[in-house]
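Observations on the model geometry
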Amino acid sequence: FQAGRIIANLIVVGSGVLVRAFAQAYRQALQNASKNGVAREAVENMKKVGKTMSESEARQILGVSENASWEEILKKYDSLFENNAKNGSFYLQSKVFRAKECLESAVKKDGE
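Quick look at the structure, then. Keep in mind the model is a prediction, meaning the values are calculated, not measured.

**Description of the overall build of the protein chain**
Of regular secondary structure, the protein chain possesses 5 helices and 0 strands. Per-residue burial over the protein chain gives 15% buried out of 112 residues. Sequence separation of 24 or more characterises 52% of the internal contacts of the protein chain that already satisfy a separation of 6 or more. When the accessible surface of the protein chain is totalled, it reaches about 9000 Å², and 58% of it is carbon and sulfur.

See below:
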(Lines give C-alpha, C1' and ligand atoms only; values in the text may rest on other atoms or scores of the structure.)
Protein backbone atom coordinates (compact mmCIF):
# COMPACT_ATOMS: atom_id res chain seq x y z
CA PHE A 1 0.00 0.00 0.00
CA GLN A 2 2.88 2.34 0.85
CA ALA A 3 4.58 1.69 -2.52
CA GLY A 4 1.42 2.69 -4.42
CA ARG A 5 1.22 5.98 -2.55
CA ILE A 6 4.90 6.72 -3.28
CA ILE A 7 4.45 5.94 -6.97
CA ALA A 8 1.34 8.14 -7.15
CA ASN A 9 3.23 11.03 -5.50
CA LEU A 10 6.12 10.61 -7.96
CA ILE A 11 3.71 10.70 -10.90
CA VAL A 12 1.97 13.84 -9.63
CA VAL A 13 5.23 15.65 -8.87
CA GLY A 14 6.83 14.51 -12.13
CA SER A 15 3.89 15.62 -14.27
CA GLY A 16 3.89 19.02 -12.53
CA VAL A 17 7.57 19.46 -13.35
CA LEU A 18 6.98 18.48 -16.98
CA VAL A 19 4.09 20.92 -17.36
CA ARG A 20 6.12 23.79 -15.91
CA ALA A 21 9.11 22.94 -18.13
CA PHE A 22 6.90 22.81 -21.22
CA ALA A 23 5.24 26.13 -20.37
CA GLN A 24 8.63 27.76 -19.82
CA ALA A 25 9.98 26.38 -23.11
CA TYR A 26 6.88 27.61 -24.95
CA ARG A 27 7.22 31.12 -23.49
CA GLN A 28 10.91 31.16 -24.43
CA ALA A 29 10.12 30.04 -27.99
CA LEU A 30 7.54 32.82 -28.36
CA GLN A 31 10.00 35.33 -26.98
CA ASN A 32 12.73 34.19 -29.40
CA ALA A 33 10.34 34.27 -32.34
CA SER A 34 9.27 37.83 -31.62
CA LYS A 35 12.90 38.95 -31.18
CA ASN A 36 13.91 37.48 -34.52
CA GLY A 37 10.82 38.69 -36.33
CA VAL A 38 9.95 35.12 -37.25
CA ALA A 39 6.32 35.53 -36.25
CA ARG A 40 5.97 38.70 -38.28
CA GLU A 41 7.67 37.07 -41.26
CA ALA A 42 5.34 34.07 -41.05
CA VAL A 43 2.29 36.34 -41.05
CA GLU A 44 3.64 38.28 -44.05
CA ASN A 45 4.28 35.03 -45.94
CA MET A 46 0.74 33.87 -45.21
CA LYS A 47 -0.62 37.11 -46.62
CA LYS A 48 1.48 36.73 -49.78
CA VAL A 49 0.46 33.13 -50.31
CA GLY A 50 -3.21 33.98 -49.93
CA LYS A 51 -3.05 36.60 -52.67
CA THR A 52 -1.02 34.72 -55.25
CA MET A 53 -3.37 31.94 -56.35
CA SER A 54 -3.27 31.69 -60.10
CA GLU A 55 -6.34 31.21 -62.23
CA SER A 56 -5.14 27.78 -63.36
CA GLU A 57 -4.59 26.71 -59.73
CA ALA A 58 -8.07 27.95 -58.84
CA ARG A 59 -9.58 25.96 -61.73
CA GLN A 60 -7.65 22.90 -60.60
CA ILE A 61 -8.91 23.22 -57.02
CA LEU A 62 -12.52 23.55 -58.13
CA GLY A 63 -12.14 20.97 -60.90
CA VAL A 64 -13.47 23.16 -63.71
CA SER A 65 -12.17 23.70 -67.23
CA GLU A 66 -11.16 27.00 -68.79
CA ASN A 67 -14.43 27.25 -70.72
CA ALA A 68 -16.62 26.49 -67.68
CA SER A 69 -19.51 28.88 -67.15
CA TRP A 70 -19.88 30.91 -63.97
CA GLU A 71 -22.87 28.74 -63.02
CA GLU A 72 -20.72 25.59 -63.31
CA ILE A 73 -18.03 27.20 -61.17
CA LEU A 74 -20.60 28.13 -58.51
CA LYS A 75 -22.07 24.60 -58.49
CA LYS A 76 -18.63 23.07 -57.97
CA TYR A 77 -17.80 25.67 -55.33
CA ASP A 78 -21.03 25.06 -53.40
CA SER A 79 -20.53 21.30 -53.51
CA LEU A 80 -16.88 21.37 -52.41
CA PHE A 81 -17.45 24.05 -49.77
CA GLU A 82 -20.35 22.11 -48.20
CA ASN A 83 -18.46 18.79 -48.28
CA ASN A 84 -15.51 20.34 -46.48
CA ALA A 85 -17.80 22.05 -43.98
CA LYS A 86 -19.36 18.69 -43.10
CA ASN A 87 -16.04 16.84 -42.89
CA GLY A 88 -14.38 19.56 -40.84
CA SER A 89 -11.51 20.52 -43.14
CA PHE A 90 -11.25 24.28 -42.67
CA TYR A 91 -8.01 24.39 -44.70
CA LEU A 92 -9.60 22.84 -47.77
CA GLN A 93 -12.71 24.93 -47.29
CA SER A 94 -10.61 28.09 -47.32
CA LYS A 95 -8.71 26.95 -50.44
CA VAL A 96 -12.03 26.36 -52.21
CA PHE A 97 -13.22 29.82 -51.14
CA ARG A 98 -10.00 31.48 -52.36
CA ALA A 99 -10.28 29.61 -55.67
CA LYS A 100 -13.83 30.93 -56.17
CA GLU A 101 -12.63 34.44 -55.29
CA CYS A 102 -9.82 34.20 -57.82
CA LEU A 103 -12.11 32.99 -60.60
CA GLU A 104 -14.71 35.59 -59.69
CA SER A 105 -12.19 38.38 -60.19
CA ALA A 106 -11.06 36.78 -63.47
CA VAL A 107 -14.66 36.61 -64.72
CA LYS A 108 -15.17 40.27 -63.77
CA LYS A 109 -12.01 41.24 -65.68
CA ASP A 110 -13.18 39.33 -68.76
CA GLY A 111 -16.58 41.05 -68.54
CA GLU A 112 -15.05 44.53 -68.61
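**Focus on the packing of aromatic side chains**
Considering all chains together, one arrives at 1 aromatic pair under this definition. With 5.3 Å between their ring centres and 35° between their planes, Tyr77 and Phe81 make a pair best called tilted. Here Tyr77 and its partner Phe81 are both found in helix α4 (residues 70–87), 4 residues apart, which amounts to about one turn of the helix. For Tyr77, a relative accessible area of 10% puts it in the buried group. Residue placement shows Lys100 over the ring face of Tyr77; its charged tip is 4.9 Å from the ring centre.

**Brief notes about the packing of helix α3 (residues 55–62) against α4**
The contact between α3 and α4 brings their axes to 9 Å, and the two run at 60°. Classified by the interaxial angle, the pair formed by α3 and α4 is oblique. Facing Arg59, Ile61 and Leu62 of α3, the residues of α4 in contact are Ile73, Lys76, Tyr77 and Leu80. A per-class count over the contact of α3 with α4 returns 5 nonpolar, no polar and 2 charged.

Conventions used here
Residues numbered from 1 in each chain as written. Predicted model: local features only at pLDDT ≥ 70, side-chain atom pairs only at ≥ 80, totals over all residues. Heavy atoms only, no water. Helix = DSSP H or I, 4+ residues; strand = E, 2+ residues; numbered from the N terminus. Buried < 20%, exposed > 50% of the residue type's maximum accessible area, 1.4 Å probe, protein only. Contact = heavy atoms within 4.5 Å. Areas by Shrake-Rupley, 256 points an atom, 1.4 Å probe, with all protein chains shown as cover. Phe/Tyr/Trp six-rings, centres within 6.5 Å; stacked < 30°, edge-to-face > 60°. Lys NZ or Arg CZ within 6 Å of the ring centre and 35° of its normal. Axes fitted to C-alpha atoms, helices over the stretch in contact; angles between N-to-C directions. Parallel < 35°, antiparallel > 145°, perpendicular 65-115°, else oblique. Nonpolar A, V, L, I, M, F, W, Y, C, P; charged D, E, K, R; others polar.

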